[in-house]
Amino acid sequence: MDHISRLGVVGCGLMGSGIAEVAARRGLDVLVTEATDEAATAGRARVTASLDRAVRHAKLTEQERDHALSRLTFTADLDALADRQIVIEAAAEHRDLKTDLFTRLDKTVTDPHAILATNTSSIPITDVATATTRPEQVIGLHFFNPVPVQPLVEIIPALTTSADTLTTARRFATEQLGKQPVQAPDRSGFVVNALLVPYLLAAVRMVESGTATPEDIDRGMELGCAHPMGPLRLLDLIGLDTAQAIAESLYAEYKEPLYAPPPLLRRMVAAGRLGRKSGQGFHTY
Ligand code: 3HC
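Treat the numbers as computed from the prediction; the structure is a model and nothing was measured. (Residues numbered from 1 in each chain as written. Predicted model: local features only at pLDDT ≥ 70, side-chain atom pairs only at ≥ 80, totals over all residues. Heavy atoms only, no water.)

(A) Quick look at the site of the ligand. Around the ligand, a shell composed of 19 residues is seen, among which R53, H57, K59, H142 and N145 lie nearest. Note that an oxygen atom of the ligand is positioned 3.4 Å from one of the side-chain N or O atoms of S121. The contact in question runs from an oxygen atom of the ligand to an N or O atom on the side chain of Q150, over 3.1 Å. Of the residues assigned to the shell around the ligand, the class counts are ten nonpolar, seven polar and two charged. Taken domain by domain, the shell around the ligand gets at least three of its residues from each of domain 1 (6-183) and domain 2 (193-278). (Near = heavy atom within 4 Å. Polar contact = N/O pair within 3.5 Å; in protein donor to acceptor, adjacent residues only side chain to side chain. Nonpolar A, V, L, I, M, F, W, Y, C, P; charged D, E, K, R; others polar. Domains from an automatic or database assignment.)

Next comes the structure, spelled out in structure tokens:
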């Protein structure tokens, strides 16, 4: 497959909406599926708001925004993905949900050459691949939040991924989506989250132990190390529920205490303090 024109995106939360937006801006026909009609409508609103923001920041003309929107379709019908040449799954970070989705995608997507990709950050790609009858066509494509801003994509072949799938997926992510790649082995956390998550969890433990306030921890890393945002503000951006799920996968894989979600993170998730998306996390929005 030299050129992909029809992309499917499963899930339209923070990551799925960003992937869909980038692809539509770069001229692809993008079909986004969500679990319910309400979630599909919310997904459309999220992508539209981000495109409007790009217009306000003079990154996009109104005409380009309208063209991008005309290339995007949102639906609650997974079967609508039948004619897609590549599907990127960006649903919640739960192993059973993802393996179930891949079993369904395998039955739905009719093109025998289609690539089924997952945006998982921590669940083994090989587990997802073996939930299908075409494990050689499954691969990890891990994007970074906000997807329209961060240039990186991690490319993760499963043990089963064919060389053709790797070449096509890499070309798609770089030439068609304009991302810059790092190839990583199929180990939980790949490269970036394996380094980032222990750092974020250490910041939570500093709050928990009373070492410093969230404001001071963030200020320290922003002003002392030139990070664009400190670790607690970044956790709020990622979503504390997502961060907890990633930490649990990493801990399950390595059994290293530095990956274990601290009690404060679990309590905040239980209390619905999920970060930016709920209006309250380590900071208030
Ligand atoms: N969508 C599109 N563009 C956005 C955006 C969004 N959600 N948020 C910000 N931008 C753009 C703005 O338009 C602006 O562009 P301009 O300067 O050319 O006009 C630029 O980004 C800077 O935005 P702001 O001035 O509004 O705000 P900041 O300077 O504070 O930047 C940020 C915001 C881009 C989020 C920056 O703070 C940042 O890069 N933070 C770190 C994010 C990060 O580390 N992400 C990785 C998370 S880990 C991950 O995703 C993996 C997963 O598995 C957990």
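(B) A look at the pattern of salt bridges. Across all of its chains, the model carries 15 salt bridges by this definition. Note that E89 and K98 form a salt bridge whose closest N and O atoms lie 2.5 Å from each other. Given the relative accessible area of 0%, E89 is considered buried. K98 sits in the buried class, given a relative accessible area of 0%. A salt bridge links D241 to K277, with the shortest nitrogen-to-oxygen separation between them at 2.9 Å. On the criterion of sequence distance, the pair formed by D241 in helix α10 (residues 240-254) and K277 in the segment after α11 (263-270) is long-range, its members being 36 residues apart. One network of salt bridges, in which partners are shared, links R6, D29, D83 and R84. (Salt bridge = Lys/Arg side-chain N within 4 Å of Asp/Glu carboxyl O. Buried < 20%, exposed > 50% of the residue type's maximum accessible area, 1.4 Å probe, protein only. Helix = DSSP H or I, 4+ residues; strand = E, 2+ residues; numbered from the N terminus.)

(C) Representation of the layout of surface pockets in the model. Taken as a whole, the second largest pocket encloses approximately 160 Å³ of empty space. Around the second largest pocket, the lining residues are M1, P112, H113, I115, Q137, S162, D164, T165 and T168. Ranked by residues supplied to the lining of the second largest pocket, first place goes to helix α6 (residues 163-176) with three residues. Taken together, the residues of the lining of the second largest pocket break down into three nonpolar, five polar and one charged. (1 Å grid on protein atoms, 1.4 Å probe; cavity = no way out; pocket = protein on both sides within 12 Å on 5 of 7 lines; lining within 4 Å. Points joined across faces, edges and corners; volume = space filled by probe spheres on them.)

(D) Region of interest: α6. Compared with an ideal rise of 1.5 Å per residue, which puts 14 residues at 20 Å, α6 spans 19 Å between its outermost C-alpha atoms and is within 8% of the ideal. Looking at the buried residues of α6, the elements they touch are β1 (6-10), β4 (86-89), β5 (115-118), β6 (138-143), β7 (152-157) and β8 (180-183). Note on α6: the residue one or two positions beyond its end, G178, has a positive phi of about 75°. (Expected span 1.5 Å × (residues − 1). Contact = heavy atoms within 4.5 Å.)

Geometric descriptors of this kind do not, in isolation, establish any biological role.
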